[in-house]
Amino acid sequence: MEAPLAERIRPQKLEDYISQSHLVGPNGSLTQQIANGNIPSLLFWGSPGTGKTTLAQIIAQQSNRPFYSLSAINSGVKEVREVIEKAKQSGGIFTAKNPILFIDEIHRFSKSQQDSLLAAVEKGWITLIGATTENPSFEVIPALLSRCQVYILNPFSKNDLLLLLERAMKEDQILKTKKIKLIETEALLRLSGGDGRKLLNIFELVVNASSENKIVITNELVLRLVQQNTVLYDKTGEQHYDIVSAFIKSIRGSDPNGAVYWLARMVEGGEDVKFIARRMLILSSEDIGNANPTALIMANNTFQAVTTIGYPESRIILSQCAVYLATSPKSNASYMAINQAQAIVKQTGDLPVPIHLRNAPTKLMKELGYGEAYQYSHSFENNFSNQEYLPDEISNTVFYNPGNNSRENGTREFLKNRWKDKYGY
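From a predicted model like this one, the values you see are computed outputs, not experimental measurements.

Chemist: Looking at this structure, how should I read the overall build of the chain?
Modeler: The secondary structure content of the chain amounts to 20 helices and seven strands. Expressed along its principal axes, the backbone C-alpha trace of the chain runs to roughly 80 × 55 × 45 Å. Taken over 425 residues, the chain has a buried fraction of 45%. Summarising the internal contacts of the chain: among those between residues at least 6 apart in sequence, 72% fall at separations of at least 24. About 22,500 Å² of surface is accessible on the chain, with carbon and sulfur atoms providing 51% of the total. Looking at charge distribution, the chain has the averaged site of its 45 positive side-chain charges lying 2 Å from that of its 43 negative ones.

Pasting the structure below:
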């Protein structure tokens, strides 16, 4: 049987790898490690089709190490121990040639299955590379997480996806025999959702749908063919992120009907209840925040409840939470505040802490004036002292702008009474 297009053009060398320049570009955090073969145990966290498996294979090949691969979907402790035993026999302990064990979808491993990896990682029998679409902080046990470097793989950019299409047409032995003309690419790019594998699957579907050697690809053609071949729900990747995206955007858009519909699609598709609840937990802070702080409590309680209960009863709790969040006032002010603050930190680096805010645990520090001019807020009227809390270089910078809702309008008045002369609320 013919391999899929994504597999046929899978890059074998780092210079052919598209995307993730923050990791494998000239100044990427992984570039030097790959070059000298000094690879730590890693966890690649990213959406489907962002190149996690490919990058693991390239690392093994370019560092000249034995490579073993398991999928957490169909492997257990027995398979893990068998591979570790093979790895121990094929590589030296604590050498640059430690075998690499790649585990796809490592978040699907149970605690006991993850425990079975600890000794091998700690003693250097293997270098573990795990791939996950879920937040490792939630899905990987702390002992294993602490022994791994976590790298985030981003969805493909528009330029990355276009490069991928160009490579497919130029390098694939089958596509090279056809005369393919890309008149429009918008539908291909939009339907891919930044998933490189999905883009190539759709592209191959469109090409194979024609019996002609000359193929003209337009948005209309792509949309028509994809709609004919779309399944109800694929929780392993194809529509998984499209549907949860529609679910989240319905809640953000204050539409409980849309939210419940997309929730039903996930429930009928057998989606993991924790996955759904976790997305609502993130949304409750990102999109509602201090417009209704109770939303975070509601979402967290929902996460705890459905984790304990499971299907089918958890669908009721999920629905209650989705409706509550959809009908709640919205604010992304806290989300925007931390984004802006992080951007300033990246631009300005490690600015010194103002001396009056510094701790003074030693005599020398006290003599140097650490904390000397600090004004204890509770010693002043209304528990407030108009002093500087930011480094001088970014004094008066506003990160938090309260949203336009009843609760945060009250917050704005509070800040205006305190900081009008400084921040201009």
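Chemist: For this particular structure, what's the right way to read helix α14 (residues 256-268)?
Modeler: Think of an α-helix as turning once every 3.6 residues; residues three or four places apart then point the same way. When the terminal C-alpha atoms of α14 are compared, their 18 Å separation across 13 residues agrees well with the 18 Å that a helix rising 1.5 Å per residue should span. Where α14 is concerned, the buried positions are Gly258, Ala259, Leu263, Arg265, Met266 and Val267. Elements that come into contact with the buried residues of α14 comprise α13 (240-252), α15 (273-288) and α17 (314-326). The distance from a side-chain oxygen at the start of α14 to the backbone nitrogen of asparagine 257 is 3.0 Å, and the residue carrying that oxygen is aspartate 255. Phi turns positive one or two residues past the end of α14, at glycine 270, with a value near 80°.

Chemist: Even after reading the chapter, I still don't get the pairing of strand β7 (residues 214-217), so can you show me in this structure?
Modeler: Consecutive residues of a regular strand have side chains that alternate between opposite faces of the sheet. Burial along β7 is one-sided: the residues Ile215 and Ile217 are buried and none of Lys214 and Val216 is. In terms of strand pairing, strand β6 (residues 179-182) meets β7 through four bridges, oriented parallel. Within the sheet, the bridge partner assigned to lysine 179 lies in β7 and is lysine 214.

Chemist: In this structure, what is going on with the environment of valine 77? I would like to understand it.
Modeler: Turning to its location among the elements, valine 77 is positioned in helix α5 (residues 77-90). With a relative accessible area of 23%, valine 77 lands in the partly exposed category. Residues valine 77 and serine 250, spaced 173 residues apart in sequence, show a C-alpha to C-alpha distance of 40 Å. With residues near it in sequence (within four places) discarded, valine 77 still touches Ser112, Gln113 and Ser116.

Chemist: Explanation requested: α13 in the structure shown.
Modeler: With 13 residues, α13 ought to run about 18 Å at 1.5 Å a step, and its terminal C-alpha atoms sit 19 Å apart, in line with that. What α13 keeps buried is the set His240, Ile243, Val244, Ala246, Phe247, Ile248, Ser250 and Ile251. Elements that come into contact with the buried residues of α13 comprise α14, α15 and α17. Count one or two residues on from α13 and you reach serine 254, which has phi positive near 60°.

Chemist: For this particular structure, what's the right way to read the environment of threonine 177?
Modeler: Along the polypeptide, threonine 177 turns up in the loop between α9 (158-171) and β6. Using a relative accessible area of 54% as the deciding quantity, one classes threonine 177 as exposed. Taking the C-alpha atoms as reference, threonine 177 lies 26 Å from leucine 191; in sequence the two are 14 residues apart. Here isoleucine 174 takes part through its backbone oxygen, which lies 2.5 Å from a polar atom of the side chain of threonine 177.

Chemist: Would you mind going over the sheet that holds strand β4 (residues 127-132) with me for this structure?
Modeler: For sheets, the rule is that strands pair by backbone hydrogen bonds, running either parallel or antiparallel. Ordered by their spatial adjacency, five strands build an open sheet running β2-β3-β4-β1-β5, and the pairing between neighbours is parallel. At either margin of the open sheet sits one strand with a lone partner, and together these are β2 (67-71) and β5 (149-153). For this sheet the average axis-to-axis angle between neighbouring strands, irrespective of direction, equals 20°. Sheet topology note: the β2/strand β3 (residues 100-104) ladder contains five bridges and is parallel. By the bridge assignment, tyrosine 68 is partnered in β3 with leucine 101.

Chemist: For this particular structure, what's the right way to read the packing of α13 against α15?
Modeler: The description of two packed helices rests on the angle between their axes and on the distance between the axes. For the pair α13 and α15, the least separation of the axes is 11 Å and the interaxial angle reads 40°. As the angle between them shows, α13 and α15 are arranged oblique. Read as a crossing pair, α13 and α15 show a hand that is right-handed. The segment α13 lies against α15, with His240, Tyr241, Val244, Phe247, Ile248, Ile251 and Arg252 engaging Phe275, Ile276, Arg279, Met280, Leu283, Glu286 and Asp287. Among the residues forming the contact of α13 with α15, the class breakdown is nine nonpolar, one polar and four charged.

About the criteria used
Residues numbered from 1 in each chain as written. Predicted model: local features only at pLDDT ≥ 70, side-chain atom pairs only at ≥ 80, totals over all residues. Heavy atoms only, no water. Helix = DSSP H or I, 4+ residues; strand = E, 2+ residues; numbered from the N terminus. Buried < 20%, exposed > 50% of the residue type's maximum accessible area, 1.4 Å probe, protein only. Contact = heavy atoms within 4.5 Å. Areas by Shrake-Rupley, 256 points an atom, 1.4 Å probe, with all protein chains shown as cover. Lys, Arg positive; Asp, Glu negative; His and termini not counted. Charge placed at Lys NZ, Arg CZ, Asp CG, Glu CD. Expected span 1.5 Å × (residues − 1). Polar contact = N/O pair within 3.5 Å; in protein donor to acceptor, adjacent residues only side chain to side chain. Pairing = 2+ DSSP bridges. Axes fitted to C-alpha atoms, helices over the stretch in contact; angles between N-to-C directions. Parallel < 35°, antiparallel > 145°, perpendicular 65-115°, else oblique. Left-handed = near helix turned anticlockwise from the far one by under 90°. Nonpolar A, V, L, I, M, F, W, Y, C, P; charged D, E, K, R; others polar.

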